Amino acid sequence: MDMAVEVKVIKQHLIDPEICIRCNTCEATCPVGAITHDDRNYVVRADICNSCMACISPCPTGSIDNWRTMPTARAYSIEEQLTWDELPAELSPEQLEAEGLSAGDEVQLQAAASAVPQPPSAPGEVAFNSAQYGATTPPWSAAHAYTNLYPPKAPTTATVVGNFNCTEAGYENQTHHIVLDFGSMPFPVLEGQSIAIIPPGVDANGKPHFARQYSIASPRNGERPGYNNISLTVKRVLEDHHGNPVRGVCSNYVCDLKVGDKVQVIGPFGNSFLMPNHPKSHIVMICTGTGSAPMRAMTEWRRRLRKSGKFEGGKLMLFFGARTQQELPYFGPLQTLPKDFIDINFAFSRTPEQPKRYVQDAMRDRKADLVELLKDGQSHFYVCGLKSMEEGVVLALRDVVTEAGLDWDTIGAALKREGRLHLETY
Ligand SMILES: Cc1cc2nc3c(=O)[nH]c(=O)nc-3n(C[C@H](O)[C@H](O)[C@H](O)COP(=O)(O)OP(=O)(O)OC[C@H]3O[C@@H](n4cnc5c(N)ncnc54)[C@H](O)[C@@H]3O)c2cc1C
Ligand code: SF4
Ligand code: SF4
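Residues numbered from 1 in each chain as written. Chains lettered and ligands numbered in written order. Predicted model: local features only at pLDDT ≥ 70, side-chain atom pairs only at ≥ 80, totals over all residues. Heavy atoms only, no water.

Caption draft 1: The arrangement of the pattern of salt bridges in detail. Here the structure, examined in full by the defined rule, presents 24 salt bridges. Between Arg-364 and Asp-399 there is a salt bridge, with the nearest N and O atoms lying 3.0 Å from each other. Residue Arg-364 is located in helix H7 (residues 359-365), and its partner Asp-399 is located in helix H9 (residues 387-403); the two are separated by 35 residues in the primary sequence. Arg-364 sits in the partly exposed class, given a relative accessible area of 32%. Each of Arg-40, Asp-85 and Lys-207 takes part in a single network of salt bridges with overlapping partners. (Salt bridge = Lys/Arg side-chain N within 4 Å of Asp/Glu carboxyl O. Helix = DSSP H or I, 4+ residues; strand = E, 2+ residues; numbered from the N terminus. Buried < 20%, exposed > 50% of the residue type's maximum accessible area, 1.4 Å probe, protein only.)

Quick look at the structure:
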């Protein structure tokens, strides 16, 4: 006999398109693949979301925490949600009644977990999901992060006080170091946090452009110590992820800014990808391209602390990948850092007449040192860069652990639980 009870009404999980900054955190976090997106909106599939709430706290803006009481049969489809510019209002009691629902109908949270399709995997094989190892809590000794001081509906204005190409490459591969000053507007930040910039103008649908997120590349006391300013590392997007020519709206706007120009900024965002503050804590940074921005912030803060002579830092280890040395942001300044301060490992994937080398290859070369750090509860790992690097990096960490005869499930779970493995890829 079929014991299933018909669910007439649900609390449908929705994302507010007016506030969402399209950062992909929720999609990367959702354990059942209920979130998807197009160029315009992030949306939740009513038939897959099981209301587990895993995506709620990582969302930097709170735009994910919206729920609407809906007749199950009329749940908003993702096609409908993808066209929205704002959330629909709650249905009134009269509207619900008109749908044949009465006050006695029990409201269930979204789809039952049993309806959730599992990701495909070969028989006998468990699919590897790197995102499951990413921590959503900060290290225990992280400083308090302020977030959302300037939300999407109330941005603040910053003035450009610096803008230069920070790679040796030409225009096609330019990455810019941008310095923004907030004047008298308070804008407290920590290393690992990000902001978002609202490009001026409207999109093809005549709607204002949505904000794009950029990691902060400077430490907490300013790009210039004691000033109310921050820096960003922004790469011009001149081709899409498939290599087709395109002119990215916000990255080109930002890279073309002149000193004295004003920009609309929202944020700060991020309350878990934060550095430990306790003495002798180790930091392992793994990045590609502009993923170096938060690593520059953390390195510079540790460098300033070391210079003050009042802080005994642990090890700093950096794995930094780019297509070529010429495309690697801050290559020159990195060379000047003392060897006893930071252990730097480069990997270049497109150096002519050289074999392709990715960050995970560099990590495997240093497995003896990495395994010691992975065993140490004072070690914190940060991964930032293009989405495509994430799985390879987490797999490399797993292999380093496993090859040393240790149990990855135990170590991976501890890294996540203790806020010691952070993944931010885009
Ligand atoms: C948490 C977070 C932190 C980020 N930090 C940084 C940062 O520090 N520096 C930085 O430069 N960017 C960073 N980004 C990416 C940034 O937010 C924008 O997505 C990027 O600048 C492209 O925006 P755009 O408006 O120029 O391109 P769009 O006009 O939005 O996109 C144009 C086309 O290019 C594709 N595209 C978008 N981004 C890329 C890319 N990076 N490479 C190739 N194709 C792309 C799009 O799919 C689209 O087809 C971060 C993103 C997130 C989520
Ligand atoms: S509530 Fe859970 S299942 Fe639903 S979208 Fe968020 S993470 Fe996914
Ligand atoms: S802002 Fe929140 S809802 Fe929007 S993509 Fe990021 S995590 Fe998802």
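Don't stop here, the text continues.
Caption draft 2: Structural detail: the environment of Val-401. Inspection of the secondary structure assignment puts Val-401 in helix H9. When its relative accessible area of 0% is taken as the criterion, Val-401 is described as buried. Placed 26 residues apart in sequence, Val-401 and Lys-375 show a C-alpha to C-alpha distance of 8.5 Å. Every residue in contact with Val-401, bar those within four places of it in the chain, is listed here: Leu-374, Leu-406, Asp-407, Trp-408 and Ile-411. (Contact = heavy atoms within 4.5 Å.)

Caption draft 3: A look at the sheet that holds strand E11 (residues 262-269). Across the sheet, which stays open at both edges, the 6 strands sit in the order E9-E8-E11-E6-E7-E10 with antiparallel pairing between neighbours. The two strands at the open ends of the sheet, each matched to only one other strand, are strand E9 (212-215) and strand E10 (229-235). Averaged over all neighbouring strand pairs, the angle between strand axes comes to 40 degrees, with direction disregarded. Sheet topology note: the strand E6 (residues 156-165)/strand E7 (residues 175-181) ladder contains 6 bridges and is antiparallel. Across the sheet, the residue bridging to Val-160 is Leu-180, located in E7. (Pairing = 2+ DSSP bridges. Axes fitted to C-alpha atoms, helices over the stretch in contact; angles between N-to-C directions.)

Caption draft 4: Layout of the packing of aromatic side chains. Going through the model one piece at a time under the given rule, you end up with 9 aromatic pairs. A centroid spacing of 5.1 Å and a plane angle of 55 degrees characterise the contact between Tyr-133 and Trp-408, whose relative ring orientation is tilted. Taken as a pair, Tyr-133 in the loop between strand E5 (107-109) and E6 and Trp-408 in helix H10 (residues 408-417) lie far apart in primary sequence, 275 residues in all. For the pair formed by Tyr-133 and Trp-408, the shared burial category is buried. An aromatic cluster of at least three residues, connected via ring pairs, comprises Phe-320, Phe-331, Phe-346 and Phe-348. Its guanidinium or amino end placed over the ring of Phe-210, Arg-212 lies 4.2 Å from that ring's centre, counting from NZ or CZ. Positioned above the aromatic ring of Tyr-330, the side-chain terminus of Arg-296 is 5.0 Å from the ring centre. (Phe/Tyr/Trp six-rings, centres within 6.5 Å; stacked < 30°, edge-to-face > 60°. Lys NZ or Arg CZ within 6 Å of the ring centre and 35° of its normal.)

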